[in-house]
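For reference, the chains in residue letters:
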Amino acid sequence: MRAVTREKGDAVPALYVEIAEGLRRSILSGEYPVGARLPSESDLAVRWSASRGTVRQAVALLTSEGLIGSRQGARRIVLRRERRHSFAELHSFAQWARAMGYRATSRFLHRERRPATPEEARRLVLPEGAGVLDVLRLRYLDGEPVMVERTAYAAWVAPAVEALPVDCASIMDSMAEEAGIVAHYGEHLIDAVPAGSDDARLLRVRRGSPLLRQRHLTSNPDGRPIEWTEDRYRAGSVTFNVSNSVGTAPLVRDPGALLM
């Protein structure tokens, strides 16, 4: 890994962000594999011509993402590398995790029918007073809780979801295999929200901790809405990266270190 030479007058990010990005690239490229120790703060300071305080800011940023561990008095250790998934591909959470070599599990916390909220009715194109199946699930990667999933399923798919076992790894896969219901992703909305008491307990974070929220609408090939879902990822478990070009701007989910 080499420090980047900056020309006078160039618009550049804060130096600690630049250092963090350089270290992140080195981790993702395998220069620092999982379990490896990073160089000491003093070595990084020399390499980047930076103060040790600036290096600590960079290290703190990577620690918050979960890429490295932070043990006081010891050199930081690489915990894991980011896991990437493009929303341009019609992959479920479980399919994506398996493709990246990780073990995805989940647990239903509740499944109950109730009237749709006004937003759910609008998203799912339901008449006023129509019912939905309300589902709460906790999603895990390699045994660690990374995401709370809240979904409103349209009534026409509710029986298929109600029939699934409590530890069903992928509702999308199971619906396709057992009920012939094939899902296509549509709209994605992304923002950040503070963790409430329930989310904090489930994701093992402090109340008020930042969570990355992704909301998406899923429809079948004919455009018939299947579900309106809100996913809340634990900080450090996922990043969302948009690569822009003249022709397209694919949205990429980059689950990082435990990000969700």
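Thresholds applied
Residues numbered from 1 in each chain as written. Predicted model: local features only at pLDDT ≥ 70, side-chain atom pairs only at ≥ 80, totals over all residues. Heavy atoms only, no water. Phe/Tyr/Trp six-rings, centres within 6.5 Å; stacked < 30°, edge-to-face > 60°. Lys NZ or Arg CZ within 6 Å of the ring centre and 35° of its normal. Core = buried A, V, L, I, M, F, W, Y, C linked by side-chain atoms within 4.5 Å. Buried < 20%, exposed > 50% of the residue type's maximum accessible area, 1.4 Å probe, protein only. Helix = DSSP H or I, 4+ residues; strand = E, 2+ residues; numbered from the N terminus. Contact = heavy atoms within 4.5 Å. pLDDT = per-residue confidence, 0-100.

Participant: How would you explain the packing of aromatic side chains if you had to name every residue and give the values?
Facilitator: Following the criterion strictly, the structure yields zero aromatic pairs and no others. Sitting above the plane of the Phe-108 ring, Arg-111 keeps its charged end 3.8 Å from the centroid. Seen from the ring of Phe-108, Arg-137 lies directly overhead, with NZ or CZ sitting 5.6 Å from the centre.

Participant: Tell me about the nonpolar core, and name the residues and values.
Facilitator: Judged by nonpolar contacts, the single largest core of 18 residues is most densely connected at Ile-19 and Ile-68. Within the residue set of this core, elements represented by two or more residues are α1 (15-29), α2 (41-48) and α3 (52-65). Those residues in contact with Ile-19, other than ones at most four positions away along the chain, are Trp-48, Ala-50, Thr-54, Val-55 and Ala-58. Counting 15 residues, the second largest nonpolar core, distinct from the first, contains Val-135, Tyr-153, Ile-171 and Met-175.

Participant: Lay out the confidence of the model for the protein in plain terms, naming residues and giving numbers.
Facilitator: Residues with a pLDDT of 70 or more make up 73% of the protein, whose mean pLDDT is 80. In the model of the protein, strand β1 (residues 85-86) stands out as the element of lowest mean pLDDT, 46, in contrast to helix α6 (residues 158-162), which has the highest, 96. pLDDT under 50 marks residues 1-12. Its contacts with residues more than four places away, or in other chains, come to 17 contacts. Counted against residues more than four places away or in other chains, residues 84-90, with its pLDDT under 50, gives 22 contacts.

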